[in-house]
Amino acid sequence: MSKDVIFGCGLVDFHHTRGPEVEYWYDGGNTGLSINNLWEYLPFQALPDGAHSFEQSFTYFTLLYDEVNQKCCSSVGDSLKNGAESGRYSTFFAISCSKQIQSDELLNKSKDVVRSTVQKSVVVVCRKPIVGQIKDKLAIITNALFLQRDFSDRTIIDTLFSNLNSIEYDDNDESHLYIGLNLRKMIYDLRKDVLVILKAMLLEKRILFYGNDVEQLCNIQFSFISLIPCLLSNIQDCGSPLLDTYSKNITMKSSFKSSDRISVLRFLGFPLQIFTKGGFFSPYVPLQQINDLSSSVTRWFIAGTSNTLLLEQSKSLCDVLVNLDDFTVQIMNKKDKELHQALQLSHSDKKWMDIIIQSVIKSWNQDDWSTPKNSSYEGSEDYIRWQFEDYLSGLVLTVKLLDFTKKHKNNALVLKTVDDLATTEQTINQYNSTWVREWQHTNNYRIFTDYTDDRLFDVFDSRHPYRGSDTMAIVQQRFNKLFPRREKGDDRHKGRNQDNENINKYNAKEHNKAAWFKKKDKKGVSGENNSNIITASEMSTINDSVGASNQADKSLYSDMSEELVENPWK
């Protein structure tokens, strides 16, 4: 870890009349900061509402700092109204550990201690989002501080600062940022809503998380951000909606190294940067910070709170409310039909999420939520992360193919060079065409499409990760191929031969994702000459399958109607 990754450490006390306040700060003398000129809201973030209900509680939050003038900025917009100055500000990431002790147990009780308990919090401010990596050390130091039973001796906080700055840190490896995050618990609690929330994040909506367990509240937000490949190591602009250093410094990747996973992801356009100008991330927002959420410069955000007053104002504050007390997701504007339709999961989305959910449930370990039973790979943290990486990779490749076909729709020669053209419409519907259309109006989509190659789909497969067959979709596709040709009087044998050529092209195309993608077994595609003719025996088999499918799952056809819609870009 570089020496300046840990910015400073402090001690926050809950005063019986003044409320939370910073009573000690140590940064090695590297800045001119003192307890009187720190962040205005830091005490309220470090000692959140409801912290007294837990024996020990952790809180994560973001801060804004002026690097040039060495000045703390408390508001997301007031100090950055001049856009030219935004480049000198940095987002800091903080973690606090709060505990309480009976006042009678103190060896040195000050005159300000009038309550039966004393509540304090040790806070660490970092330049990188390494909160999970330092959480255990922070817990040890906090416990040691309380075991002293004398808060006038704060040398242990100085030791914490020096110790954390001695840890080695690798800027090129994002995996250490995943320490402490729990994707399994998130999937277990929220089920299919995990994908709904992720899609709302990519649509750059105002998302508010609410819950009484502040540690879970903060952890789950970082977990969601970590589902987008490479994003957690590139959230330097998330502390204010006026920061925009990422998009100004990004460059297009013209090549990649197949043995390097990060290189491949960069070539594919990751991260999908949702924290640029207009976006704001604050894992914990106290009531005093409500103006940051409602500010005119904050166009979208991901934020968390445990304050019921903010919950009561959620209709005006946010587009999507995630309640972690009952694990529900609510779209606040019931009249926003476009958003409701966009966040409806397609049949393929649901089936794909079912596979992940079942892998977690079957391997659930009540004694250790983060580790599957029998240490199996399926259902593990890595398994879940790979699945979402595969999903988002297929999404960006499919949309790239869609954009390419739209751009060259009148150029038959160019379109002949595209192998997956026939399946583009179906794959778009698998991701929900309404959502895709909405996503194409976002800032993160603009950055993605501006800085990636137009023909990404030539290198990797543009496919939805759910490979399951669908009887009704097969019937629909085969009828669509058969009857239009008869109406136009085309030669049937000519049509069949052309289909065989397309099938052979499909089989010849290798799945070029390198070893870093976990491959699934794929069924071969038959190239028989009678592929377009539905015989009586085939129709009988299909009808039997449809009948059995109806009895097994009556909701299948309603789900299928979402996917078998006309291409909205045709």
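Residue numbers restart at each chain and count upward from 1, following the sequence in its written direction. Thresholds applied to this predicted model are a pLDDT of at least 70 for local features of residues and 80 or more for the giving and counting of side-chain atom pairs; totals over whole chains, interfaces and linings are not thresholded and use all residues. Here the side-chain values reflect all heavy atoms present in the structure, with hydrogen atoms and water set aside.

A run of H or I in DSSP becomes a helix once it reaches four residues, and a run of E becomes a strand once it reaches two; helices and strands are each numbered from the N terminus. Looking only at helices and strands, the protein chain has 22 helices and 11 strands in total. Burial classes follow relative accessibility: with a 1.4 Å probe on protein chains only, a residue under 20% of its type's maximum area counts as buried, one over 50% as exposed, and anything between as partly exposed. Out of the 570 residues belonging to the protein chain, those deemed buried represent 52%. We call two residues in contact whenever any of their non-hydrogen atoms come within 4.5 Å of each other. Within the protein chain, contacts between residues separated by at least 24 positions form 76% of all contacts whose residues are at least 6 apart in sequence. Here the Shrake-Rupley method, with its probe set to 1.4 Å, supplies the accessible areas, and only the displayed protein chains count as covering residues. About 26,200 Å² of surface is accessible on the protein chain, with carbon and sulfur atoms providing 46% of the total.

For the rest of this paragraph, the subject is the sheet that holds strand 2 (residues 19-26). Paired strands, as defined in this entry, are two strands with at least two bridges between them according to DSSP. Spatial strand order, 2-1-6-5-3-4: 6 strands in an open sheet with antiparallel pairing. Of all the strands in the sheet, the pair left with one neighbour each is strand 2 and strand 4 (71-73). On average, each strand axis in the sheet is inclined to that of its neighbour by 35 degrees, with strand direction left out of account. Direction of pairing for strand 1 (residues 6-15) relative to strand 2: antiparallel, over a ladder of 7 bridges. Within strand 2, the position partnered with Cys9 by the bridge is Tyr26. To get an axis, a line is fitted to the C-alpha atoms, and for a helix only the part in contact is used. The angle between two axes follows their N-to-C directions and goes from 0 to 180 degrees. Most of the contacts of helix 2 (residues 131-148) go to strand 5 (residues 89-102), to which it runs at about 35 degrees, and overall it touches strand 1, strand 3 (56-66), strand 5 and strand 6 (117-126). The strands touched by helix 3 (residues 155-164) within the sheet are strand 1, strand 2 and strand 6, with strand 1 carrying the most contacts at an inclination of about 150 degrees.

So, about the packing of helix 5 (residues 193-202) against helix 13 (residues 347-362). At a minimum axis distance of 9 Å, the contact between helix 5 and helix 13 shows a crossing angle of 125 degrees. Compared by their axis directions, helix 5 and helix 13 come out oblique. In this structure, helix 5 uses Val194, Leu195 and Lys199 to contact helix 13, whose residues at the interface are Asp349, Trp352 and Met353. Across the contact of helix 5 with helix 13, the residue classes tally to 4 nonpolar, no polar and 2 charged. Oblique is the label for any angle not covered by the other classes, which are roughly parallel (under 35 degrees), roughly antiparallel (over 145) and roughly perpendicular (65 to 115). For this scheme, ten residues count as nonpolar: Ala, Val, Leu, Ile, Met, Phe, Trp, Tyr, Cys and Pro. Four count as charged, namely Asp, Glu, Lys and Arg, and the remainder, Gly too, count as polar.

Let's shift gears to the environment of Val118. Mapped onto the elements of the fold, Val118 is located in strand 6. Accessibility expressed as a relative area gives 7% for Val118, which makes it buried. Sequence separation of Val118 and Leu106 is 12 residues, and the distance between their C-alpha atoms is 9.1 Å. Ignoring anything within four residues of it in the chain, the contact list for Val118 reads Asp13, Lys99, Gln100, Ile101, Ser103, Leu106, Val113, Phe146 and Phe151.

On to the packing of helix 4 (residues 183-190) against helix 14 (residues 381-407). Following both chains from N to C, one finds helix 4 and helix 14 inclined at 70 degrees, their axes separated by 8 Å at the closest point. Classified by the interaxial angle, the pair formed by helix 4 and helix 14 is roughly perpendicular. For the pair formed by helix 4 and helix 14, the contact residues are Leu183, Arg184 and Ile187 on the first element and Glu381, Ile384, Arg385 and Phe388 on the second. Among the residues making up the contact of helix 4 with helix 14, the classes are represented as 4 nonpolar, no polar and 3 charged.

We call a set of buried Ala, Val, Leu, Ile, Met, Phe, Trp, Tyr and Cys residues a nonpolar core when their side-chain atoms join them within 4.5 Å. Counting 109 residues, the largest nonpolar core has Val124, Met201, Phe209, Phe224, Phe388 and Trp439 as the members making the most contacts within it. Considering each element in turn, this core owes the most residues, 10 residues, to helix 14. What Phe224 contacts, discounting residues up to four positions off in sequence, is Met186, Leu190, Val194, Ile197, Leu198, Met201 and Phe209.

Next up on the list: the sheet that holds strand 9 (residues 300-305). Backbone-to-backbone hydrogen bonds join strands into a sheet, with any given pair of strands oriented parallel or antiparallel. Taken together, 5 strands build an open sheet; the order of strands is 8-9-7-10-11 and the sheet is mixed. Edge strands, defined here as strands with exactly one partner in the open sheet, are strand 8 (279-282) and strand 11 (328-331). Each strand axis lies, on average, 15 degrees off the axis of its neighbour in the sheet, ignoring direction. Strand direction decides the pairing type here: strand 10 (residues 320-323) and strand 11, joined by 4 bridges, are antiparallel. Bridge pairing in strand 11 places Leu321 opposite Gln330. In the packing of helix 5 onto the sheet, contacts are made with strand 7 (207-210), strand 9, strand 10 and strand 11, and the angle to strand 7 comes to roughly 140 degrees.

Here we take up helix 3. Looking at helix 3, one finds that the buried residues are Ile156, Ile157, Leu160, Phe161 and Leu164. Taken end-on, helix 3 shows its buried residues confined to a sector of 150 degrees, consistent with a single buried face. Elements in contact with the buried residues of helix 3: strand 1, strand 2, strand 6 and helix 2. Note that the arc is computed from the directions linking the helix axis to the C-beta atoms.

Turning our attention to the pairing of strand 9. The element strand 9 is largely enclosed, with a buried count of 6 among its 6 residues. Burial of strand 9 is two-sided: the residues Trp300, Ile302 and Gly304 facing one way and the residues Phe301, Ala303 and Thr305 facing the other way are all buried. Looking at chain direction, strand 7 and strand 9 are connected through 4 bridges and run parallel. Bridging across to strand 9, Leu208 finds its partner in Ala303. Two strands pair when backbone bridges link them, and strand 8 and strand 9 are joined in this way by 4 bridges, in the parallel orientation. When the bridges of strand 9 are listed, Ser282 appears paired with Ala303.

Let's shift gears to the pattern of salt bridges. Salt bridge criterion: a side-chain nitrogen from Lys or Arg within 4 Å of a carboxyl oxygen from Asp or Glu. Evaluation of the coordinates by the stated rule reveals 17 salt bridges. Of the charged contacts in the structure, one is a salt bridge between Asp349 and Lys199, with a shortest N-O distance of 2.8 Å. Pair noted here: Asp349 is in helix 13 and Lys199 is in helix 5, with a separation of 150 residues, a long-range link. Classification of Asp349 as buried rests on a relative accessible area of 0%. The partner of Asp458 in a salt bridge is Arg455, and the shortest N-O contact between them spans 2.5 Å. Assessed through its relative accessible area of 35%, Asp458 is described here as partly exposed. Among the charged side chains, a network of salt bridges with common partners joins Asp13, Glu23, Lys120 and Arg154.

A cis amide bond links Phe270 with the next residue in sequence, Pro271, at an omega value of 5 degrees. As for its position among the elements, Pro271 is in the loop between helix 8 (261-267) and strand 8. The backbone of Asn374 shows a phi angle near 60 degrees, a positive value even though the residue is not glycine. Considering the arrangement of structural elements, one finds Asn374 in the loop between helix 13 and helix 14. Residue class for Asn374 comes out exposed when judged on its relative accessible area of 80%.

Attention shifts here to helix 13. To estimate how far a helix should reach, multiply one less than its number of residues by 1.5 Å. Its 16 residues place the ends of helix 13 22 Å apart at the C-alpha level, agreeing with the 22 Å of an ideal helix rising 1.5 Å per residue. For helix 13, every residue scored as buried is listed here: His347, Ser348, Asp349, Trp352, Met353, Ile356, Ile357, Ser359 and Val360.

Once that is clear, we can look at the packing of aromatic side chains. In this analysis, rings of Phe, Tyr and Trp, with Trp reduced to its six-membered ring, are considered paired at centre separations within 6.5 Å, and the interplanar angle assigns stacked below 30 degrees, edge-to-face beyond 60, and tilted for intermediate values. Applying the stated criterion across every chain, the model contains 27 aromatic pairs. Ring geometry for Tyr391 against Tyr431: centres 5.0 Å apart, planes inclined by 70 degrees, an arrangement best described as edge-to-face. Here Tyr391 is found in helix 14, whereas its partner Tyr431 is found in the loop between helix 16 (424-430) and helix 17 (433-439), with 40 residues between them in sequence. What links up through ring pairs into an aromatic cluster is the set Phe7, Trp25, Trp39, Tyr65 and Phe92. Positioned over the ring face of Phe151 is Lys120, at 5.0 Å from the centre of the ring. The criterion is that NZ of a Lys, or CZ of an Arg, lies within 6 Å of the ring centre and within 35 degrees of the ring normal, and then a charge sits over that ring.

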